[in-house]
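Results of the structural survey
The chain contents come next:
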Amino acid sequence: MSFSMTLFCLLILSPAVLAETEFRTAIKRDRHNISMEMGYFEDKDQSLKIEDIKDQTFKKDGSQTFQRAFSKSAWWGKIKLNNQSDLKDLNVVLDYPMLDHVDLWTLRKGKGMTHTRTGDIYPFADRPTQVANFVFPMDMKKGEEVELIFRFITKGAVNAPIWVFSSKRLMEWEGER
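Numbering of residues starts from 1 in each chain and follows the order in which that chain's sequence is written. Selection of residues for local features in this predicted model requires a pLDDT of at least 70, selection of side-chain atom pairs for listing and counting requires 80 or more, and totals for whole chains, interfaces and linings are taken over all residues. Hydrogens and water molecules were not included; the side-chain quantities draw on all heavy atoms of the structure.

Each residue carries a pLDDT value, the predictor's own confidence for that position, ranging from 0 to 100. Averaged over every residue, the pLDDT of the protein is 85; the share at 70 or more is 87%. Between the elements of the protein, mean pLDDT differs from a low of 39, seen in helix α2 (residues 15–18), to a high of 96, seen in strand β8 (residues 101–108). Should any heavy atoms of two residues lie within 4.5 Å, those residues are considered in contact. Confidence drops under pLDDT 50 across residues 3–19; counting only partners more than four residues distant or on other chains, this segment forms 7 contacts. Secondary structure elements are defined from DSSP: runs of H or I of at least 4 residues count as helices, runs of E of at least 2 residues count as strands, and each element is numbered from the N terminus.

What follows deals with the packing of aromatic side chains. Pairing of aromatic rings covers Phe, Tyr and Trp, the last counted by its six-membered ring, and requires centre-to-centre distances within 6.5 Å; plane angles under 30 degrees mean stacked, over 60 mean edge-to-face, and any other angle means tilted. Applying the stated criterion across every chain, the model contains 6 aromatic pairs. Relative to F150, the ring of F136 lies with its centre 6.3 Å away and its plane at 70 degrees, an arrangement referred to as edge-to-face. Highlighted residues: F136 in strand β10 (residues 134–139) and F150 in strand β11 (residues 145–153), separated in sequence by 14 residues. The class of F136 is buried, set by a relative accessible area of 4%. On the basis of an interplanar angle of 20 degrees and a centroid distance of 5.7 Å, the ring pair of F150 and F152 is categorised as stacked. Take F150 and F152: they sit in the same class, and that class is buried. Its guanidinium or amino end placed over the ring of W75, R68 lies 5.2 Å from that ring's centre, counting from NZ or CZ. Charge over a ring is defined by NZ of Lys or CZ of Arg lying within 6 Å of the ring centre and within 35 degrees of the ring normal. The ring of F58 carries the charged tip of K78 above its face, separated from the ring centre by 4.6 Å. Note on classification: 1.4 Å probe, protein chains only; a residue is buried when its accessible area is under 20% of the maximum for its type, exposed when over 50%, partly exposed between these limits.

So this is what it looks like as structure tokens:
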């Protein structure tokens with residue numbers, strides 16, 4: 001077998017070789033679907049902590065909305081956002097209110113990491129923004145980059161359409177529903 005044929009077979013037969021390590025997108029407008037640009041990982045026994053995630057292989061799903069059938073797994077998602085717009089008041093929106101546990105870690109260079117926990121089993125009054133969906137306000141300067149790491153755990157199906165909206169566009173979108 002020729003070297004090029006061997007290399008081709010290795011690439012086709014080894015998904016780990018094809019797995020991406022960086023998932024990023026540029027925010028250039030007031031509404032942006034980031035679901036299809038995120039990397040995802042299945043934690044089958046829900047045992048991993050945020051510290052364990054850097055060693056895992058994430059893969060891009062590529063669909064408009066990350067969806068999985070009923071499962072006892074925890075699902076992790078990650079992406080780096082770079083704000084290339086003049087908008088400062090951005091919001092990360094998880095447009096599905098039926099997830100039991102939603103964790104979001106936000107990592108900023110020089111500012112460390114913050115953690116937000118929400119979900120439909122927690123009091124509505126404890127949500128960062130009190131609307132039906134899960135909304136995480138995110139102040140970002142032009143050119144700033146943040147990394148978002150999500151974890152979803154639920155007894156139902158996982159449905160995770162994730163968007164970034166400006167505050168103005170989010171209010172319009174909420175009003176349209």
